[in-house]
Protein chains: 2
Amino acid sequence: MSEANKGGLEGVVVADISTSFIDGNEGILIYAGYRIEDLAENNVLFEEVCHLMWHNRLPNRQELEDLRYQIASGAHLPTSVINMMKAQPKGANPMAVLRTAVSALSLYDTDAENLTDREVAFKKAIRLTGQIATITAAWDRIRKGKEPIAPRVDLTLAQNFVWMMTGEQPDQTAADAINAYLVLLAEHGMNASTFCTRVVTATGSDMHSAVVGGIATLKGPSHGGANAEAMKMFLEIGSADNVEAWFKREVKEHGRRIMGIGHRVYKAVDPRAAILKKHAKDLAESSGNAKWYDLAAKLEEVALADDYFKERKLYPNVDYYSAIVLYTLNLDVDMFTPLFAMARIAGWTAHIIAQMGGRLIRPRANYVGPKDRKWVPIDQR
Amino acid sequence: MSEANKGGLEGVVVADISTSFIDGNEGILIYAGYRIEDLAENNVLFEEVCHLMWHNRLPNRQELEDLRYQIASGAHLPTSVINMMKAQPKGANPMAVLRTAVSALSLYDTDAENLTDREVAFKKAIRLTGQIATITAAWDRIRKGKEPIAPRVDLTLAQNFVWMMTGEQPDQTAADAINAYLVLLAEHGMNASTFCTRVVTATGSDMHSAVVGGIATLKGPSHGGANAEAMKMFLEIGSADNVEAWFKREVKEHGRRIMGIGHRVYKAVDPRAAILKKHAKDLAESSGNAKWYDLAAKLEEVALADDYFKERKLYPNVDYYSAIVLYTLNLDVDMFTPLFAMARIAGWTAHIIAQMGGRLIRPRANYVGPKDRKWVPIDQR
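Asks: Where do I start with the domain arrangement of chain A in this structure?
Replies: Quite often, the size of an interface is put as the accessible area lost when its parts meet. Residue and element names in this part refer to chain A. Looking at chain A, the domain boundaries give domain 1 (20-220 + 346-355) and domain 2 (226-328). Domain 1 and domain 2 are separated by 26 Å when their C-alpha centres are compared. Contacts between domain 1 and domain 2 engage 19 residues on the former and 18 residues on the latter. For the pair domain 1 and domain 2, the summed buried surface comes to about 1,400 Å²; carbon and sulfur atoms form 74% of the total. When the buried area of domain 1 at its contact with domain 2 is split by residue, Tyr181, Leu184 and His188 rank highest and sum to 34% of it. Seen at the junction of domain 1 and domain 2, the total is four residue pairs in polar contact (both at pLDDT 80 or more). Within the residue set of the side of domain 1 that touches domain 2, elements represented by two or more residues are strand E2 (20-23), strand E3 (28-31), helix H1 (36-41) and helix H8 (172-185). Counting residues per element, the side of domain 1 that touches domain 2 draws most heavily on H8, which supplies six residues.

What follows is the structure, encoded as structure tokens:
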């Protein structure tokens, strides 16, 4: 690698933003001026956070109700997209289905190819925010042989998601946990998927393309896929009783990474993880199923007592306890990452709109190959 | 903007590569050691360039025949994907259709979720290279109410594309022009769409996701969409006789950009443009339709005589004369960018495979908002 190679773009600043601020050393996350703990403790609605991301201020009651209604009423899917999903293999990866369905949505959105109008872009952001939740819930039903359920216009997005998953009056504890998750995952600076939405948008491409790029990027196990990887690891460990032996064998002897511990930016406790840990504990108690919370808490304790983790400042990140929250809510493990997309659409679309009309993002490569090969006819090769 | 803000990532090196070298000041483009002029003059096949990109050397005759056959035989589409395309609105943007169809392909590719095996990745690259051509041709037929035509195993990709577009024994002049276009557009360093495929891949995501991200990015009018934008401009000008008046009015008086002139990297003649200009001229002569070539050549002459263009070193780029080549081949203007994707898949997949297992690409943002807003209950906002 050449000296100037910024392969991971560590520390390279690519945009001025006002959506979120991260102090990784202090474990601070701020959404447009508000500490994430402040928003979480006051049970802010995901729709309020969308308003905060898109308009840089919290809505008043009328604005919130308007936005809630617009998201709910824009969340329905064209029949053609539902039919497309019904024709897809039931074993398909839910992120691949979401990526395909969001891409297909553009074919039915009359504003899809409007590349420049910001007011239109906000409307598309509202629709996509609802539609991603609808696709996610619809796919979980379709693959289980059930009929998808349409969104209701009288519910919040979190309530609607529970409604569309179950077809029953949404349980408020579940909706509150989903809402808290959506709030905490809504935005996080220049993470890889958000950066991807900006790379796409900077060519003048459309919002659906950018969001499809975001989903494609989020899908990776080193990004949004990490919550599912963390849960697979918890399932492999099996119970809190196995944690110490597993840690000794897999981590200390075989050098395995603990999924959900360590973060590119945070060198302190990820404040989202701390909040999600509380939710995971509450859910464990209210559901009577503390098995996975206990396991995760034990593994955290064991890891944090280890010198290797201490020296490198490796703490649980947002994926670690969100896996426990989502699993305790009875979501299938492969649904975790679509849930992440349901949240991050708020940040993605805010970044996309900010990037519209901006400069092409085109870095350089360092060529390390030969420069003077001479053409040789094929029969002489 | 903060001082350190690298919004466009100009000059920031993100990878060591051996696929291509660009000297923008000298107008030099090298593919893995070979000057692009050398490859073009020797009528290299697109399949040879794929081999060069994927294995860093030109194939011998047996290797070329093997790869040609693998691409041709892997180019068929699952019936489900064809049926999906048939159900889509006929007026849909072909790049949006391509993005959706490639995303859907992953649902039927049993290797899609294999994220780590390089040998499997090469096989997927081969399949996607053929399938993108098949989707592109199939969509042009489907939207015109015609039945799509399956690829033949005895043809090169360029021949197959002409076959799948027309259903007739491919005209060799047309196939040669398509092949030349594919060769010239196959790879170009760390352009925006290629960079996007690396951002996606660096999270550990799958090849289909990365290629979908590439298509989403290429679609933008400041990137792959520029060839269509250039043609729209030529159509607006209408004839070579109108060039001087149009230039004076639109460019000099109204400050309009000339689509297809100027490039982020080239500050000299884009060598691909020079080669494509020759192809455009030959096609104009052989087809008896020199109208668009004459117009483009005239506009180039007028622009290059202008001080503004001279001082800024603004020359025709690859999109400028490729628009003329593709239009003279009777392709619809909105098919130009899918043709670009048909070529660039070679470079994308080479970069994706090189990036596999690499470091997460996660830059930073500079927060410019407030940090100390205090929560206010909704009824006090």
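Still to come is the rest of the account.
Asks: How should I be thinking about the sheet that holds E2(A) in this particular structure?
Replies: Through backbone hydrogen bonds, the strands of a sheet pair up, either in parallel or in antiparallel fashion. Residues and elements named next belong to chain A. Taking strand neighbours across the sheet as the criterion, the three strands line up as E2-E3-E4 in an open arrangement whose pairing is antiparallel. Of all the strands in the sheet, just E2 and strand E4 (34-35) have a single pairing partner and so form its edges. With four bridges joining them, E2 and E3 adopt antiparallel strand pairing. Residue Asp23 lies in a different strand from E3, and its bridge partner there is Ile28.

Asks: How should I be thinking about the layout of surface pockets in this particular structure?
Replies: Over the atoms, a rolling probe the size of a water molecule traces out where space has been left empty. All names here are of chain B. Empty space within the second largest pocket amounts to approximately 930 Å³. Arg257, Ile261, Gly262, His263 and Arg264 are, among the 35 residues lining the second largest pocket, the residues nearest its centre. Only helix H12 (243-253), helix H15 (307-311), helix H16 (318-328) and helix H17 (336-355) provide two or more residues apiece to the lining of the second largest pocket. There are two domains that each give the lining of the second largest pocket at least three residues, and those are domain 1 (20-220 + 346-355) and domain 2 (226-328).

Asks: Looking at this structure, how should I read the side chain of Ser106(A)?
Replies: Here Ser106(A) is to be found in the loop between helix H5 (94-105) and helix H6 (118-143). Leave out the neighbours within four places in its chain, and Ser106(A) touches Ala112(A), His208(A), Ala96(B) and Arg99(B).

Asks: Just checking my understanding: could you explain the environment of Arg127(B) for this structure?
Replies: Residue and element names in this part refer to chain B. With respect to the helices, strands and loops of the structure, Arg127 is situated in helix H6 (residues 118-143). With a relative accessible area of 22%, Arg127 lands in the partly exposed category. With 103 residues separating them along the chain, Arg127 and Ala230 place their C-alpha atoms 31 Å apart. If we skip the residues at most four places from it in the chain, Arg127 touches Gly74, Asp109 and Asp111.

Asks: What is the right way to look at empty space enclosed by the protein in this model?
Replies: Enumeration over the complete set of coordinates arrives at two cavities of 30 Å³ or more. Roughly 60 Å³ of volume is contained in the largest cavity. The wall of the largest cavity is formed by Asn114(A), Leu115(A), Ala121(A), Lys124(A), Thr201(A), Ser205(A), Asp206(A), Met207(A), Ile352(A) and Met356(A). Taken together, the residues of the lining of the largest cavity break down into five nonpolar, three polar and two charged. Contributing to the lining of the second largest cavity are Pro94(B), Val97(B), Leu98(B), Ile135(B), Thr136(B), Trp139(B) and Pro338(B). Among the secondary structure elements, those contributing two or more residues to the lining of the second largest cavity are helix H5 (94-105) and H6 of chain B.

Asks: I keep staring at the pattern of salt bridges and nothing clicks. Help me out?
Replies: Under the criterion given, the structure shown has 62 salt bridges over all chains. As a salt-bridge pair, Asp206(A) and Lys219(B) come within 2.7 Å of each other at their nearest N and O atoms. Within this pair, whereas Asp206(A) is found in the loop between helix H9 (192-201) and helix H10 (207-218), its partner Lys219(B) is found in the loop between helix H10 (207-218) and helix H11 (226-237), the two belonging to separate chains. One exposure class covers both Asp206(A) and Lys219(B), and it is buried.

Asks: Honestly, the nonpolar core in this entry has me stumped. Any pointers?
Replies: Among soluble globular proteins, nonpolar side chains are generally buried collectively. With 281 residues, the main nonpolar core has Phe195(A), Phe234(A), Ile258(A), Met85(B), Phe195(B), Phe234(B) and Ile258(B) as its most contacted residues. Among residues more than four places away in sequence, those in contact with Ile258(A) are Met233(A), Trp246(A), Phe247(A), Val251(A), Leu299(A), Ala303(A), Phe309(A) and Tyr320(A).

Asks: How should the relation of the copies chain A and chain B be read in this particular structure?
Replies: To go from the first copy of the chain to the second, apply a rotation about an axis and then a shift along the same axis. For the pair chain A and chain B, the relating rotation is 180 degrees, the translation along its axis is 0.0 Å, and the fit reaches an RMSD of 0.0 Å. The symmetry that links the two subunits is that of a two-fold axis. Scanning chain A for the C-alpha nearest the rotation axis identifies Gly213(A), at a separation of 2.3 Å. A share of 100% of the interface residues of chain A reappears at the interface of chain B, consistent with the copies meeting face to face through the same patch.

Asks: So what exactly am I meant to see when it comes to unusual backbone geometry here?
Replies: Keep in mind that most residues, glycine aside, have a negative phi and that most peptide bonds are trans. Residues other than glycine seldom take positive phi values, yet Ala32(A) does so here, at roughly 45 degrees. Here Ala32(A) lies in the loop between E3 and E4. Located in the positive-phi region is Leu9(B), a residue other than glycine, with phi close to 55 degrees. Secondary-structure assignment places Leu9(B) in the segment before strand E1 (13-17).

Asks: What am I meant to see in the sheet that holds strand E3 (residues 28-31) of chain B here?
Replies: Here three strands make up an open sheet; going across it, the order is E2-E3-E4 (chain B) and the pairing antiparallel. Edge strands, defined here as strands with exactly one partner in the open sheet, are strand E2 (20-23) and strand E4 (34-35) of chain B.

Asks: Mind showing me how you'd approach the interface of chain A and chain B here?
Replies: Counting residues at the interface gives 101 residues for chain A and 101 residues for chain B. When the two sides are added together, the surface that chain A and chain B hide from each other amounts to roughly 8,800 Å², 57% of it contributed by carbon and sulfur. If you look at where chain A meets chain B, you find twelve salt bridges. One salt bridge in this structure joins Glu113(A) and Lys219(B), with 2.6 Å as the shortest N-O distance. Here chain A and chain B share 62 residue pairs in polar contact (both at pLDDT 80 or more) between them. Bridge count between strand E1 (residues 13-17) of chain A and strand E5 (residues 364-367) of chain B: four bridges; the pairing is parallel.

Calculation criteria
- Residues numbered from 1 in each chain as written.
- Chains lettered and ligands numbered in written order.
- Predicted model: local features only at pLDDT ≥ 70, side-chain atom pairs only at ≥ 80, totals over all residues.
- Heavy atoms only, no water.
- Domains from an automatic or database assignment.
- Contact = heavy atoms within 4.5 Å.
- Buried area = accessible area lost by both parts, 1.4 Å probe.
- Polar contact = N/O pair within 3.5 Å; in protein donor to acceptor, adjacent residues only side chain to side chain.
- Helix = DSSP H or I, 4+ residues; strand = E, 2+ residues; numbered from the N terminus.
- Pairing = 2+ DSSP bridges.
- 1 Å grid on protein atoms, 1.4 Å probe; cavity = no way out; pocket = protein on both sides within 12 Å on 5 of 7 lines; lining within 4 Å.
- Points joined across faces, edges and corners; volume = space filled by probe spheres on them.
- Buried < 20%, exposed > 50% of the residue type's maximum accessible area, 1.4 Å probe, protein only.
- Nonpolar A, V, L, I, M, F, W, Y, C, P; charged D, E, K, R; others polar.
- Salt bridge = Lys/Arg side-chain N within 4 Å of Asp/Glu carboxyl O.
- Core = buried A, V, L, I, M, F, W, Y, C linked by side-chain atoms within 4.5 Å.
- Least-squares fit on C-alpha atoms with pLDDT ≥ 70 in both.

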